[in-house]
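# Commentary on secondary and tertiary structure
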Amino acid sequence: MLLRLRLGLRAFEWLPFPWRFSKLDPDAAEDFLHKLDSSRFPLHHDLLLMAKLFSTLGYAVAPEVEARIGVRTDCALADGTLPEPAGSLGDTEAHGDGAECEVAIVGSGAGGAVAAAMLAETGIDVLVLEAGDHCTRDSYPEGRLEAISELYREAGLTIAEGSPPIPVPVAKVVDGTTVINSGTCFRAPDQILDGWRDEFGIPWARDLDKDFAEAEDFLRVTPLDPNRMGRNGQLAMEGAAALGASGGPIARNAGSCVQCSSCPYGCAIDAKRGMHVSYLPRAVAAGARLRAGVEAQRVLVEDGRAVGLACSARDASGRSRPFTVRASRAVIAAGGALGTPELLLRSGLGGKQVGRNLRIHPACWVGARYEEDVHGWEGVMQSYYIDQWEHEQGVLLEATFTPLAFGGAWLVGTGTEHQRSILNFGRIGSIGVQLRDVSVGTVGLANEGALRASYKLNDEDVRKTIFGIARAAEVHFAAGATEVYPNIPRAGVLKPGELATFEATRFKASELRLEAFHPMGTARISADPRRGVCAPDGSVNGTRGLYVADASLFPTAPGVNPMMTIIAFAKQVSREVAGGGASLSYSGEAAVGSVA
């Protein structure tokens, strides 16, 4: 990936040939950028977006820029206090050249942490392995760029290759992606669970209500107060109400949090109950062990049974050494829909379906300019959902205000115009369009053994994207926006009354500017082994004692933020690993006693 980025930057540098971009005077550089912005060639727009992204990442986090705009990056509870400290994770350093346990779990995110807690509370000896480091509110990287580099896989530059290429930022840290996500909590829709039961033969898919409820209670999932969500969410709410579109305040695993603009860098006060302040302390309190800086490279198999993992352990100096884990009962892969197929492919396990059926919930940012101050960094970043079109069209809208470091590249214009857009950031409102995608991609290994993801956006999802952008624009206009930015160069800026023309225009997939945040499906469950990697109990086909407990299991895209569904699936898989014991359930009294 770094090589491809270097090639892209080199291409941008030499595109004004025979001159180099870095040698152009300011007027010539601005003219060149404007030509790229108005070009009809998708490659020009890809290179321009890349340049805007890298320049904005550094520029937007400069203290003087933030002060000039008035941006806040912080977090606060309603009463102004700090959350009580979470329980300890114990000694997280890997000692010696290996370890033994009953169950080894690869990954500490929503799947791995929950599985660890459920199994440890039955008395099973659990060892959790995490390739990333352990951070808390006392140790998150101070700088924005450092946070991106240290908390994200490939420094946030994981990309699903295709037309268009789609960034898929995922975490590499203790707690997994729950440390950098928005804390949004949805249950999988009934229609999706019905399909998973009926089409893929998952008998328990419609029996998750208790698991959902227990997790919501333990994580203190609470709908936002509309009066405290922030103006960006209120504008989306007002626009939806004016259109008669259904929706509501988003429920989050952050209790009484009323100020939230630091989530992508790690919650500044750990108000968001990610795995490192919820299920992982609970697991450790029950006897589980966590080892950070340990990367699982291959599953060890003897006589057709998973018996451990060949790993590398990183010490404080950054040096790695071999580290072998022996697991007498089971190995659980919970490294996410990118990490889990990577491990299975390196191990030669799981069959031909490993890495296929990748879904990612493609998403795009639809910004709008208002005459009033929005100050989207005040209140909660992701605050209001509109599900009017989710069931029939597979389009979910979420009022999501992206920090300037991430969202600045999407602002309209280049050069001086882009500078004005940044300075007017305080009057920008934004809505995210998220697709329940039917397009599919793959995760594989490149020649050098590195992860490689690819994804082809099909015509149906292109149509849904345009539909979603138009609906987001409609909400913005209904709330009083004067212009909308659809993030499609050829579409320009939309004014009231122009939506019909926009929707009638045929756009190519390559013209869209998308992101994605929820990779899923790459080791999916199916009762028919020809269609999936795992049986309905979460076990990997062809290898005894090997299970998956993360979003890789999802047969299709649920269309909503998947954290709660991952948790429910992990609970089901844990029951199977423990021997089908029905006693694997949440104990509110015990959990509250072990986690503050």
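Residues numbered from 1 in each chain as written. Predicted model: local features only at pLDDT ≥ 70, side-chain atom pairs only at ≥ 80, totals over all residues. Heavy atoms only, no water.

## Details of the pairing of strand β13 (residues 320-333)
For a regular strand, side chains alternate in direction, first toward one face of the sheet and then toward the other. Where we set the bar: Strand pairing requires that DSSP identify at least two bridges connecting the strands. Secondary structure elements follow DSSP: runs of H or I no shorter than four residues count as helices, runs of E no shorter than two count as strands, and numbering proceeds from the N terminus.
Both strand β2 (residues 98-106) and β13 contribute to a ladder of 8 bridges, which runs parallel. By the bridge assignment, Ala99 is partnered in β13 with Val325. In the sheet, strand β12 (residues 305-314) pairs with β13 via 7 bridges, with the strands oriented antiparallel. Each residue of the ladder has a partner; that of Arg314, found in β13, is Ser320. Hairpin connection between β12 and β13: a loop of 5 residues separates the two successive antiparallel strands, and Gly318 in this loop has a positive phi of roughly 95°.

## Points about the sheet that holds strand β19 (residues 451-456)
Paired through their backbone hydrogen bonds, the strands of a sheet run either parallel or antiparallel. To keep things clear, this is the line we draw: Two residues qualify as a contact provided that any one of their heavy atoms is within 4.5 Å of a heavy atom in the partner residue. Geometry is summarised by axes, namely lines fitted to C-alpha atoms with helices restricted to the contacting stretch, and by angles between N-to-C directions that run from 0 to 180 degrees.
The strand order β5-β4-β19-β18 describes an open sheet built from 4 strands, whose pairing is mixed. Looking at the sheet topology across the chains shown, the edges are occupied by β5 (166-167) and β18 (440-445). Relative to β5, strand β4 (residues 159-161) is paired through 2 bridges, and the arrangement is antiparallel. The residue of β5 that forms the bridge with Ala160 is Ile166. Along the sheet face, helix α11 (residues 336-347) touches β18 and β19 and points at about 45° away from the line of β18.

## Some details on the confidence of the model for the chain
Stated precisely, the cut-off is as follows: Each residue carries a pLDDT score, the predictor's own confidence in it, on a scale running from 0 to 100.
In the predicted model, the chain carries a mean pLDDT of 92, and 97% of its residues have values of at least 70. In the model, residues 581-596 has pLDDT below 50 throughout and makes 32 contacts with residues more than four positions away in sequence or in other chains.

## A word on the packing of helix α8 (residues 209-218) against helix α17 (residues 563-577)
Here is the rule: Note on convention: near helix rotated counterclockwise from far helix by under a right angle means a left-handed crossing. Clockwise means right-handed. As a working rule, the residues Ala, Val, Leu, Ile, Met, Phe, Trp, Tyr, Cys and Pro are called nonpolar, Asp, Glu, Lys and Arg charged, and the rest polar, with Gly in that last group.
Orientation of α8 relative to α17, taken along the N-to-C sense of each, is 115°, at an axis distance of 9 Å. Note that α8 runs across α17; the crossing there is right-handed. In this structure, α8 contributes Asp211, Phe212, Glu214, Ala215 and Glu216 to the contact, and α17 contributes Met564, Thr565, Ile567, Ala568, Lys571, Gln572 and Arg575. Across the contact of α8 with α17, the residue classes break down as 5 nonpolar, 2 polar and 5 charged.

## Focus on a negative patch on the surface
Going by this rule: The residues that make up patches have over 30% relative accessible area and no salt bridge, and they are joined within 9 Å when like-charged or within 5 Å when they are Val, Leu, Ile, Met, Phe, Trp or Tyr. The protein chains shown are the only cover counted for residues, whose accessible areas, like all others here, come from Shrake-Rupley with a 1.4 Å probe. Whenever a carboxyl oxygen of Asp or Glu lies within 4 Å of a side-chain nitrogen of Lys or Arg, that contact is scored as a salt bridge. A positive count includes Lys and Arg, and a negative count includes Asp and Glu. His and the chain ends are not counted in either. Taken as the charge location is NZ of Lys, CZ of Arg, CG of Asp or CD of Glu. Throughout, exposure labels follow a simple rule: accessible area from a 1.4 Å probe, protein chains only, divided by the maximum for the residue type, with under 20% read as buried, over 50% as exposed, and the rest as partly exposed.
On the surface, Asp25, Asp27, Glu30 and Glu417 cluster together into a patch of negative charge. Mapped onto the fold, Asp27 is located in helix α2 (residues 26-37). Accessibility expressed as a relative area gives 65% for Asp27, which makes it exposed.

## Thoughts on the environment of Leu48
Mapped onto the elements of the fold, Leu48 is located in helix α3 (residues 42-60). You can call Leu48 buried: its relative accessible area is 1%. Once the C-alpha coordinates of Leu48 and Leu33 are considered, the two residues, 15 residues apart in sequence, prove to be 7.4 Å apart.

## With respect to the nonpolar core
Note that soluble globular proteins tend to have their nonpolar side chains buried in a common cluster. Let me state the cut-off plainly: Side-chain atoms within 4.5 Å are what join buried Ala, Val, Leu, Ile, Met, Phe, Trp, Tyr and Cys residues into a set we call a nonpolar core.
Ranked by size, the top nonpolar core spans 87 residues in total, and within it Val126, Tyr279, Leu309 and Ile567 carry the most contacts. Once residues within four sequence positions are removed from consideration, Tyr279 is found in contact with Ala113, Val114, Ala117, Met118, Ala215, Phe218, Leu219, Ile567 and Lys571. Counting 65 residues, the second largest nonpolar core, distinct from the first, contains Cys257, Cys267, Ile360 and Ile466.

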